[in-house]
Amino acid sequence: MNDDLTRLLRAHDPAAGKTLHPATRARLFAERAAPRRVQRWRVAVVAAALVLLAGIAALVRRPDPEPPRRQIQYATKSGTRIIWTLDPNFRM
C-alpha cells in the first residue's frame, strides 16, 4: 500500500488506541466460532454428496456413440474409381 495512504488511514482511524471490554470480546469470538463448526459440517455433507453423485454418474454412463463410417476414394489416370468403406464395427 502507498505510505501516504497508510499514514492517512492511521491518522483518521476512529478505533485507534481503544480496546473492547473483555466480555464483549469473548461474546464476539464465541459467536464467530459457532458458525464455523456448522459450516464445516455443511461442507462435509456437500462433499460427500458430490462424491456419491460422481460415483453414480460413473456407473450409469450412456454408451459411447457409434463411430461413423469412413470412405477412402481413389481415382486412376484411366478414370477407374475405387471406393473403400471402412466400418469400425467390423469384426473378423
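Residues numbered from 1 in each chain as written. Predicted model: local features only at pLDDT ≥ 70, side-chain atom pairs only at ≥ 80, totals over all residues. Heavy atoms only, no water.

> Where do I start with the overall build of the chain in this structure?
A count of helices and strands for the chain gives 2 helices and 2 strands. Each helix and strand of the chain, placed in order from N terminus to C terminus, yields the pattern α-α-β-β. In summary, the chain has a C-alpha radius of gyration of 35 Å against a globular reference of 12 Å for 92 residues, an excess of more than 25%. Referenced to the eigenvectors of the C-alpha coordinate spread, the extents of the chain come out at roughly 100 × 45 × 15 Å. For the chain, buried positions account for 1% of its 92 residues. Surface summary for the chain: the accessible area is close to 9400 Å², and the carbon and sulfur share equals 61%. Of note, the chain has its 17 positive side-chain charges centred 5 Å away from the centre of its 7 negative side-chain charges. (Helix = DSSP H or I, 4+ residues; strand = E, 2+ residues; numbered from the N terminus. Rg over C-alpha atoms; globule rule 2.2 N^0.38 Å. Buried < 20%, exposed > 50% of the residue type's maximum accessible area, 1.4 Å probe, protein only. Areas by Shrake-Rupley, 256 points an atom, 1.4 Å probe, with all protein chains shown as cover. Lys, Arg positive; Asp, Glu negative; His and termini not counted. Charge placed at Lys NZ, Arg CZ, Asp CG, Glu CD.)

> Would you mind going over the pairing of strand 2 (residues 81–86) with me for this structure?
Moving residue by residue along a regular strand, the side chains alternate between the two faces of the sheet. Relative to strand 2, strand 1 (residues 70–75) runs antiparallel, the two being bridged by 6 bridges. What sits directly across from Ala75, in strand 2, is Arg81. If you look at the hairpin formed by strand 1 and strand 2, you'll find 5 residues sitting between the two strands, and Gly79 has a positive phi there, around 100 degrees. (Pairing = 2+ DSSP bridges.)

> I would appreciate a short explanation of the pattern of salt bridges in the present structure.
Any two side chains of opposite charge can pair, so long as their charged atoms come close to each other. Tallied over the full model, the rule gives 2 salt bridges. Linking Arg69 and Asp87 is a salt bridge whose minimum nitrogen-to-oxygen distance equals 3.4 Å. Within this pair, whereas Arg69 is found in the loop between helix 2 (22–59) and strand 1, its partner Asp87 is found in the segment after strand 2, the two being separated by 18 residues in sequence. Owing to a relative accessible area of 58%, Arg69 belongs among the exposed residues under this scheme. (Salt bridge = Lys/Arg side-chain N within 4 Å of Asp/Glu carboxyl O.)

> Honestly, a nonpolar patch on the surface in this entry has me stumped. Any pointers?
A cluster of nonpolar side chains, namely Val46, Leu50, Leu52, Leu53, Ile56, Leu59 and Val60, defines an oily patch on the protein surface of about 760 Å² accessible area. Positionally, Val46 belongs in helix 2. (Patch = residues over 30% accessible without salt bridge, like charges linked within 9 Å, V, L, I, M, F, W, Y side chains within 5 Å.)

> In this structure, what is going on with the environment of Gly55? I would like to understand it.
With respect to the helices and strands, the residue Gly55 is situated in helix 2. For Gly55 and Arg27, which are 28 residues apart along the polypeptide, the C-alpha to C-alpha distance reads 43 Å.

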